[in-house]
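Chains, contacts and geometry: an overview
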Amino acid sequence: MKTINITIDGPAGAGKSSIAREVASELGFVYVDTGAFYRAIALFALDYPTKRDFLRKLESECHLEMKYFGGMQCIFLNGENVTDKIRTQEISMKASEVSALPEVREFLLEMQKEIAHAYNVIMDGRDIGTAVLPDADLKIYLTASAEERASRRYLELEDKPDMPSYEQILEEIKQRDDNDMHRAISPLKRTNDAVLIDSTKMGFHEVCEEIMDLIETKFDLD
Ligand code: DC
């Protein structure tokens with residue numbers, strides 16, 4: 001039976017993950033956070049002093065697995081649950097860097113396609129609607145201004161020890177946007193068939209509702 005595939009692409013901090021997770025749970029779909037795959041590879045790469053060493057070991061020694069615990073996606077790198085470890089600023093920047101490498105994108109492409117082939121999914125990332133699932137049933141491009149994304153991130157981090165300033169967060173967001181949108185392979189971009197949602201002035205529930213409305217209009221899921 002053909003599965004239903006819904007993609008959500010967009011820049012860092014646009015709220016893709018929390019929104020995709022919520023919508024997937026309402027629909028009973030599998031939520032796939034593809035950024036976590038790139039982050040886990042970034043963590044793997046930290047063990048290698050050069051890009052050459054890292055790429056040489058990628059195929060043979062980097063085993064990724066995705067498991068679900070009560071709807072939460074957990075990512076395992078060589079048997080270790082690294083779900084929390086990959087949520088640091090250092091890994092964010094490294095993931096943006098390794099994701100520009102063709103070998104890394106190739107390494108993950110089949111894995112992502114296979115998941116979408118096996119399950120009804122909401123898959124979020126940067127190139128899901130363009131490169132991974134170009135024939136997806138519904139494509140969404142979710143964005144917000146860099147300032148709004150930085151201030152959401154700032155509020156999320158508030159009161160954490162060693163938290164960066166708003167200006168630092170904004171700078172990093174702009175840097176990642178630049179990397180993700182201008183890399184040679186599978187850059188982040190909106191395709192003509194993707195529905196644009198600009199959440200700069202929208203709340204979480206409003207965005208979820210808009211996406212649910214799009215889905216209900218498009219599919220008969222009863
Ligand atoms: O969504 P995220 O911030 O967890 O993603 C981390 C990095 O991985 C991001 O800077 C770009 C990269 N990425 C990608 O290139 N393609 C995807 N489908 C998902 C993430």
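Residues take numbers from 1 onward in each chain, read along the sequence in its written order. Totals for whole chains, interfaces and linings use all residues, but because this is a predicted model, local features are given only for residues with pLDDT of at least 70 and pairs of side-chain atoms are given and counted only at 80 or more. Side-chain metrics in this entry use all non-hydrogen atoms of the structure; hydrogen atoms and water are not considered.

1. What about the pattern of salt bridges?
Basically, it comes down to this: For this document, the term salt bridge refers to a Lys or Arg side-chain nitrogen within 4 Å of an Asp or Glu carboxyl oxygen. A run of H or I in DSSP counts as a helix once it spans at least four residues, and a run of E counts as a strand once it spans at least two, with each numbered from the N terminus. Whether a residue is buried, partly exposed or exposed follows from its accessible area with a 1.4 Å probe, protein chains only, as a fraction of its type maximum: under 20%, in between, or over 50%, in that order.
All chains considered together, the criterion is met by 13 salt bridges. Put simply, Asp-137 and Lys-2 hold a salt bridge, and the shortest N to O gap is 3.3 Å. Here Lys-2 lies in the segment before β1 (5-9) and Asp-137 lies in the loop between α6 (128-132) and β7 (138-143), a separation of 135 residues in the sequence. For Lys-2, a relative accessible area of 61% corresponds to the exposed category.

2. Things to note about the pairing of β7
Worth spelling out the cut-off: At least two DSSP bridges between two strands are required for those strands to pair.
The element β7 is extensively covered by neighbouring structure, given that six of its six residues are classed as buried. Of the two faces of β7, the one holding Leu-138, Ile-140 and Leu-142 and the one holding Lys-139, Tyr-141 and Thr-143 are both buried throughout. As paired elements, β7 and strand β8 (residues 194-198) share five bridges and run parallel to each other. By the bridge assignment, Leu-142 is partnered in β8 with Ile-197.

3. Examining the site of the ligand
Condition: If even one non-hydrogen atom of a residue comes within 4 Å of a molecule or strand, that residue is called near it. A 3.5 Å cut-off defines polar contacts: any pair of N or O atoms within that distance qualifies, except that in protein one atom must be a possible hydrogen donor and the other a possible acceptor, and neighbouring residues in sequence count only when both atoms are side-chain atoms. For accessible areas, the Shrake-Rupley method is used with a probe of radius 1.4 Å. Any residue's cover is judged against the shown protein chains and nothing else. Each residue gets one label: Ala, Val, Leu, Ile, Met, Phe, Trp, Tyr, Cys and Pro are nonpolar, Asp, Glu, Lys and Arg are charged, and the others, such as Gly, are polar.
Near the ligand lie 16 residues; those nearest to it are Arg-39, Arg-105, Asp-127, Arg-176 and Arg-183. Here an oxygen atom of the ligand and a side-chain polar atom of Arg-39 are 2.6 Å apart. One nitrogen or oxygen atom from the side chain of Arg-105 is found 2.9 Å from an oxygen atom belonging to the ligand. When the ligand is considered free in solution it has 440 Å² of accessible area, and contact with the protein chains removes 96% of it. When residues of the shell around the ligand are assigned to their parent elements, the largest contribution, four residues, is made by helix α2 (residues 34-45). Class assignment for the residues of the shell around the ligand results in three nonpolar, five polar and eight charged.

4. Describing the sheet that holds β8
Test applied: In this analysis, axes come from line fits to C-alpha atoms, helices being fitted only over the stretch in contact, and the angle between any two N-to-C directions falls in the range 0 to 180 degrees. In this description, contact between two residues means that some pair of their heavy atoms is separated by no more than 4.5 Å.
Reading across from one edge, β2-β6-β1-β7-β8 is the order of the five strands in this open sheet, with parallel pairing throughout. Here the strands that pair on one side only, and so sit at the sheet edges, are β2 (30-33) and β8. When strand polarity is set aside, the average angle formed by the axes of neighbouring strands in this sheet is 20°. Strand direction decides the pairing type here: β2 and strand β6 (residues 121-125), joined by four bridges, are parallel. Residue pairing for β6: Val-30 is matched across the bridge by Val-121. Set on the sheet, helix α5 (residues 102-118) makes contact with β1, β2 and β6; between it and β6 the angle comes to about 155°. The strands touched by helix α9 (residues 204-218) are β1, β7 and β8; relative to β7, the strand with the most contacts, the crossing angle is about 165°.

5. Some remarks on helix α7 (residues 146-157)
Stated precisely, the cut-off is as follows: Here, expected helix span is obtained from the residue count minus one, scaled by 1.5 Å. Arc, as used here, means the arc of the directions from the helix axis to the C-beta atoms.
Under the 1.5 Å per step criterion, the end-to-end length of α7 is 16 Å for 12 residues, consistent within 8% with the ideal 16 Å. Listed in full, the buried residues belonging to α7 are Ala-146, Arg-149, Ala-150 and Leu-157. Across the axial projection of α7, the buried residues extend over an arc of 100°, all falling on one side. Among the structural elements, α8 (166-182) are those in contact with the buried residues of α7.

6. A look at α9
With 15 residues, α9 should reach 21 Å at 1.5 Å per residue; the first-to-last C-alpha distance of 21 Å fits that figure. Residues of α9 that are buried: Val-207, Cys-208, Ile-211, Met-212 and Ile-215. Around the axis of α9, the buried residues are gathered within 135° of arc, so they sit on the same side. In this structure, α9 carries His-205, Glu-209, Glu-216 and Thr-217 as exposed residues pointing more than 90 degrees from its buried face.

By themselves these figures say nothing about function.
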